[in-house]
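Spelled out from the first residue to the last, the chains are:
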Amino acid sequence: MRVAIASFEYEGNSLSLRIETREDFERKGLWTGQELVSRSEGKKTALAGGIGVLQDAGCGLVPVLATKGGAGGHVEESFFQDTMARIVDDVKAALPLDGVFLALHGAMICGKEKDPEGALLTRLREVVGPDVPIAASLDLHAHVSARMAEAADILVGYETYPHVDAFETGSKAASLLVRTLRGEIAPVTRIQKYNAIVPVLGGATLPGAPMAEVAAEARAMEAQGRALSVSYFPVQPWLDMADVGITGLAVTDGDPAGADTAAQDILDAMWQRRHAFELDAMTPEEAVTAALAMDVRTVLLIDAPDSIGGGSAGDSPALLSAILKHAPQVPSALSIYDPNTAKRAFELGEGVEAEFQVGAWLDTRWHDPVTLTATVESLHDGRFTYKGGPIANVEVTLGPSAVLRTGGLRLLCASHAIYEHTDEHYAACGIDVSGCRLVSFKNLMNFRKLLSDDVTFIALQGPGGTPLRLQDVAWKNRKRPYWPADDMQSPDHL
């Protein structure tokens, strides 16, 4: 059984100004051929999970290309078209094939192409023909389009948020592909979608959370034999397209009607809990003041409007301004994407005190830079390895990074905006967050792994590329009525 394998992952955001180029993808890793396989060894990615299952099944792997760009605004159109063409051409050159396995995110957007995964899957279907099964793993926040569901035989989404099952999701998708190749099943994939979006911050699948109840229903449906796989997609909500909405998806064994019903049932499970996804939040100044009054060791301040993991710029200085105003001497740690400040710190050298203009260098729509006088405490190359999450054991870099010290605040200025897992980026630059009273994070979920009896969190609200209040965004393409702007009792299908 010869199976082509590839991975092209990226999470877009229509509100973000970040544009990811070939250089950005190559910095994070772009591999072809056998290097794709060797680079996946020991990793906990969806691609690694799929490769392991296919190898154990005795499949002959045809490695094509793998690259993972993280999250941002959109992918440069020319790079996407070139990469898609390379994947499709290499698959065509490898024919005849028995199957295709892909690790995708599912929410990529480009300058022109707003459904890149749909375009890629459609092109691959045209090349391999109707009888070669195509399977793909997807992120929980994928925007699953009709083209994707029509072109692929098997689509499987992450089950957890914080994402801890990327490897298992890749394994599950590949296992269904192997069963298809052996003639054990004839997979049928169907989706159902509502014109609704929900805040990412409230979408945890941790015990007691509303999405955990949705997850339990999905697993029960699988255990009852209603479907081979049931996935729920609360979607990347900051995508401004008319067909973006929460989605239910089911894969059945040759039963289209059953797949439609299962997809609808899991979609309704999300819809019925829509109000529970909305959590309380504060302005930066309110949050700092409230944090200082809490009887805990550490308060994590979650900069939700500037979430790098959601595609925002990562350069908002709103929380920095609030800490300098209300808690200048309090032991605190804050990180910000600011290559200009990092470069100046390297030019000045360690131990030098100077005035800096920090933040709002890329996205100037919401805030102005903050002026502060600080000492260059330390300089770093910014390299570290993720200890968990969807890219566990993968090495990344913040780029040349500087820690500035002013009063009780240690300010980490990075040259690259990277996905925050827990506190690895702070530790890589010599900051032990356990000794801090206030710690900022530009990620909407992974910080929960640091919570304890002595560590709590406050979410921030306000303007930015990843705002919590989705109903306040001036969408250009979203159709009305939609939740949460309109409190309709009967949702519209997309």
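These lines cover the structure that appears in this document, whether it is placed above or below.

So, how was this worked out
Residues numbered from 1 in each chain as written. Predicted model: local features only at pLDDT ≥ 70, side-chain atom pairs only at ≥ 80, totals over all residues. Heavy atoms only, no water. Helix = DSSP H or I, 4+ residues; strand = E, 2+ residues; numbered from the N terminus. Rg over C-alpha atoms; globule rule 2.2 N^0.38 Å. Buried < 20%, exposed > 50% of the residue type's maximum accessible area, 1.4 Å probe, protein only. Areas by Shrake-Rupley, 256 points an atom, 1.4 Å probe, with all protein chains shown as cover. Lys, Arg positive; Asp, Glu negative; His and termini not counted. Charge placed at Lys NZ, Arg CZ, Asp CG, Glu CD. Pairing = 2+ DSSP bridges. Axes fitted to C-alpha atoms, helices over the stretch in contact; angles between N-to-C directions. Contact = heavy atoms within 4.5 Å. Salt bridge = Lys/Arg side-chain N within 4 Å of Asp/Glu carboxyl O. Arc of directions from axis to C-beta. Core = buried A, V, L, I, M, F, W, Y, C linked by side-chain atoms within 4.5 Å. Disulfide = S-S within 2.5 Å. Right-handed = clockwise from strand over helix to strand, strands pointing away. Polar contact = N/O pair within 3.5 Å; in protein donor to acceptor, adjacent residues only side chain to side chain.

## A closer look at the overall build of the chain
Okay, step 1: Looking only at helices and strands, the chain features 13 helices and 21 strands.
Okay, step 2: On C-alpha atoms alone, the chain measures out to a radius of gyration of 22 Å, which is about the 23 Å that the 2.2 N^0.38 rule sets for 494 residues.
Okay, step 3: Oriented by its inertia axes, the alpha-carbon framework of the chain measures out at about 70 × 50 × 40 Å.
Okay, step 4: A buried classification covers 62% of the 494 residues belonging to the chain.
Okay, step 5: Split by element, the accessible area of the chain, about 17900 Å² in all, is 48% carbon and sulfur.
Okay, step 6: Positive and negative side-chain charges in the chain, numbering 43 and 65 respectively, have mean positions lying 2 Å apart.

## A closer look at the sheet that holds strand β9 (residues 187–193)
Okay, step 1: The antiparallel open sheet is built from three strands, whose spatial order is β9-β11-β10. Since the sheet does not close on itself, it has two edges, and those belong to β9 and β10 (229–233), each with one partner. Recorded for the sheet is a direction-independent mean angle of 15 degrees between the axes of neighbouring strands.
Okay, step 2: Bridge analysis of β10 against strand β11 (residues 247–253) gives five bridges, and the strand direction is antiparallel. Paired with Y232 across the bridge in β11 is G248.
Okay, step 3: Helix α9 (residues 256–271) contacts β9, β10 and β11 of the sheet and is inclined by roughly 150 degrees relative to β11.

## Some remarks on the pattern of salt bridges
Okay, step 1: In total, this model carries 25 salt bridges according to the counting rule given.
Okay, step 2: For E35, the salt bridge goes to R39, with nearest N and O atoms at 3.2 Å. Note that E35 and R39 are positioned in helix α2 (residues 34–40) at a spacing of four residues, about one turn of the helix.
Okay, step 3: In this structure R39 comes out as partly exposed when scored by relative accessible area, which is 42%.
Okay, step 4: When the shortest N-O distance is used, the salt bridge between E217 and R273 registers 3.2 Å. Of the two residues, E217 is situated in helix α8 (residues 210–223) and R273 in the loop between α9 and α10 (284–292); the sequence distance between them amounts to 56 residues.
Okay, step 5: A residue is classified by how much of its surface remains accessible, and E217, at 32% relative accessible area, is partly exposed.
Okay, step 6: A residue is classified by how much of its surface remains accessible, and R273, at 16% relative accessible area, is buried.
Okay, step 7: Three or more residues joined by partner-sharing salt bridges are found here, namely E159, K172, R219 and E222.

## Remarks on helix α12 (residues 339–348)
Okay, step 1: Inspection of α12 places P339, T341, A342 and A345 among the buried residues, and these make up the whole buried set. Across the axial projection of α12, the buried residues extend over an arc of 160 degrees, all falling on one side. Among the exposed residues of α12, those pointing more than 90 degrees away from its buried face are K343 and E347.

## Overview of unusual backbone geometry
Okay, step 1: Residue P162 is bonded to the preceding Y161 through a cis peptide linkage, with omega at 5 degrees.
Okay, step 2: Mapped onto the elements, P162 comes out in the loop between β8 (154–157) and α7 (166–181).
Okay, step 3: Residues W483 and P484 are joined by a peptide bond in cis, for which omega reads 10 degrees.
Okay, step 4: Among the secondary structure elements, P484 is positioned in the segment after β21 (455–459).
Okay, step 5: At A360, a position not held by glycine, the phi torsion is positive, near 50 degrees.
Okay, step 6: Tracing the backbone shows A360 in the loop between β14 (353–358) and β15 (370–380).
Okay, step 7: The class of A360 is buried, set by a relative accessible area of 4%.
Okay, step 8: A positive phi angle is found at N393, which is not glycine, with a value near 75 degrees.
Okay, step 9: With respect to the helices, strands and loops of the structure, N393 is situated in the loop between β16 (383–385) and β17 (395–397).

## Description of the nonpolar core
Okay, step 1: Among the nonpolar cores identified, the biggest contains 95 residues, and I5, L54, F101, Y232, I266, Y426 and V439 are the most heavily contacted of them.
Okay, step 2: Per-element accounting of this core gives the leading share, eight residues, to α9.
Okay, step 3: Once residues lying within four places of it in the same chain are set aside, the contact partners of V439 are T298, V299, L300, L301, A333, Y426 and V433.
Okay, step 4: If you look at the next biggest cluster of nonpolar residues, it comprises 42 residues, including F25, V88, A119 and L155.

## Comments concerning the state of the cysteines
Okay, step 1: Evaluation of the coordinates by the stated rule reveals zero disulfides.
Okay, step 2: No disulfide involves C429; its sulfur sits 10 Å from that of C413, the nearest cysteine.

## Details of the sheet that holds strand β3 (residues 30–32)
Okay, step 1: Here we have six strands laid out as an open sheet, ordered β3-β4-β1-β6-β7-β8, and mixed in their pairing. The open sheet is flanked by β3 and β8, the only strands paired with a single partner. The sheet shows a mean angle of 10 degrees between the axes of neighbouring strands, direction not considered.
Okay, step 2: Summarising the sheet, strand β7 (residues 134–138) and β8 pair through four bridges and their orientation is parallel. Each residue of the ladder has a partner; that of A135, found in β8, is I154.
Okay, step 3: Strand contacts of helix α4 (residues 77–94): β1 (2–11), β3 and β4 (60–71), with the helix running at about 170 degrees to β4, the strand carrying the most contacts.
Okay, step 4: Of the strands in this sheet, β1, β6 (99–104), β7 and β8 touch α7, which is tilted by about 160 degrees from β8.

## What to know about the pairing of β8
Okay, step 1: The two faces of β8 match: I154 and V156 on one face and L155 and G157 on the other face are all buried.
Okay, step 2: In this fold, the crossover linking β7 to β8 by way of helix α6 (residues 146–151) has right-handed handedness.

## What about the side chain of R410?
Okay, step 1: Positionally, R410 belongs in strand β19 (residues 409–414).
Okay, step 2: A polar atom in the side chain of R410 sits 3.3 Å from the backbone oxygen of G430.

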